[in-house]
Amino acid sequence: MKLEEQLLSRSEKKCELCGSEDNLSIYEAPGRTNHTIEECAMICGKCMAQIEKKEVLDSKHWQCLGSSMWSEVPAVQVISWRMLNRLRQESWAIDYLDMMYLDDAVLDWAKATGDHENDSVVEFHKDCNNNILENGDTVVLIKTLDVKGSSLSAKLGTVVKNIKLVEDNKEQIEGRVEGQLIVILTKFVRKQS
């Protein structure tokens with residue numbers, strides 16, 4: 001039986017964290033590489049987006065961990081522990097963590113990535129109007145920019161298509177202006193709708 005079929009059977013076709021039946025997919029909890037069913041969980045799109053920090057944490061959504069943290073599945077325990085730690089500014093999350101028990105091997109796995117040390121703050125690339133930017137978006141320059149190391153001057157109103165986000169800097173994007181790839185500060189662009 002395939003891994004997906006085993007997970008769907010184990011989870012009864014529901015998210016193993018919140019119980020949702022929508023947009024289910026396999027999530028392998030980072031920190032181990034054996035690729036076993038015990039290292040994977042079937043989770044919904046909303047849980048996936050928030051675990052992977054592609055969406056702001058919704059603390060009300062994660063109160064579901066009060067029941068899923070008792071799962072016998074190690075991956076579900078690890079994910080629950082990590083998310084509760086990311087939500088530790090909530091009193092209910094601290095209470096759940098105080099009640100939760102993980103055996104030593106599972107706790108070591110849960111701590112392995114360091115993800116539990118990150119708080120619930122999720123940072124996005126945002127334009128001058130606070131609109132979230134994504135790879136492939138089209139933006140318009142709101143200021144004439146002189147490109148360092150080049151004679152190119154990117155004029156106010158220039159449309160930059162198919163931008164690429166700079167992963168390690170939320171204030172920068174990359175785009176082509178007059179055929180040249182340049183780095184642009186997000187505060188100087190407006191997302192085109």
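Below, the structure is looked at part by part. (Residues numbered from 1 in each chain as written. Predicted model: local features only at pLDDT ≥ 70, side-chain atom pairs only at ≥ 80, totals over all residues. Heavy atoms only, no water.)

## Observations concerning the environment of V139
1) Next: One can find V139 in strand 3 (residues 139-141).
2) Next: The spacing of V139 and F188 is 49 residues in sequence and 9.6 Å in space, taken between C-alpha atoms.
3) Next: Apart from residues no more than four positions distant in its own chain, V139 is found in contact with L133, T158, V159, V160, I163, I173, V189, R190, K191 and Q192. (Helix = DSSP H or I, 4+ residues; strand = E, 2+ residues; numbered from the N terminus. Contact = heavy atoms within 4.5 Å.)

## What to know about the side chain of Q77
1) Next: Mapped onto the elements, Q77 comes out in helix 4 (residues 74-86).
2) Next: The class for Q77 is buried, based on a relative accessible area of 13%. (Buried < 20%, exposed > 50% of the residue type's maximum accessible area, 1.4 Å probe, protein only.)

## Here we look at the sheet that holds strand 10 (residues 189-191)
Each strand in a sheet pairs with its neighbour through backbone hydrogen bonds, running either in the same direction (parallel) or in the opposite one (antiparallel).
1) Next: Spatially, three strands are ordered 6-3-10 in an open sheet, and the strand pairing comes out antiparallel. Among the strands making up the open sheet, the edge pair consists of strand 6 (159-160) and strand 10.
2) Next: Bridge count between strand 3 and strand 6: two bridges; the pairing is antiparallel. Across the sheet, V139 pairs through a bridge with V160, a residue of strand 6. (Pairing = 2+ DSSP bridges.)

## Side note on the pattern of salt bridges
1) Next: Across all of its chains, the model carries five salt bridges by this definition.
2) Next: One salt bridge connects E16 with R10, and the closest N-O pair in it is separated by 2.9 Å.
3) Next: The class of E16 is buried, set by a relative accessible area of 14%.
4) Next: K46 is the salt-bridge partner of E55, the closest N and O atoms lying 3.8 Å from each other.
5) Next: By relative accessible area, which is 30% here, E55 ends up partly exposed.
6) Next: Exposure remark for K46: the relative accessible area of 35% places this residue in the partly exposed category.
7) Next: Because the salt bridges share partners, they merge into one network encompassing K46, E55 and D58. (Salt bridge = Lys/Arg side-chain N within 4 Å of Asp/Glu carboxyl O.)

## With respect to the state of the cysteines
1) Next: Within the structure shown, the criterion is met by zero disulfides.
2) Next: Between C18, a cysteine without a disulfide, and C44, which holds the nearest cysteine sulfur, the sulfur-to-sulfur distance is 3.6 Å. (Disulfide = S-S within 2.5 Å.)

## Notes on the packing of helix 4 against helix 6 (residues 104-112)
1) Next: Put simply, helix 4 and helix 6 touch, their axes get as near as 9 Å, and they point 50 degrees apart. On the basis of their axis angle, the class for helix 4 and helix 6 is oblique. In terms of crossing hand, the pair formed by helix 4 and helix 6 is right-handed. Where helix 4 abuts helix 6, its residues P74, A75, Q77, V78, W81 and R82 lie against V106, L107, W109, A110 and K111. (Axes fitted to C-alpha atoms, helices over the stretch in contact; angles between N-to-C directions. Parallel < 35°, antiparallel > 145°, perpendicular 65-115°, else oblique. Left-handed = near helix turned anticlockwise from the far one by under 90°.)

## Quick look at the sheet that holds strand 7 (residues 164-165)
1) Next: Pairing within the open sheet is antiparallel, and its three strands lie in the order 7-8-9. Each end of this open sheet is capped by a strand with a single partner; those strands are strand 7 and strand 9 (180-185).
2) Next: Where strand 7 meets strand 8 (residues 172-177), two bridges bridge the pair, whose relative direction is antiparallel. The partner of L165 across the bridge, within strand 8, is I173.

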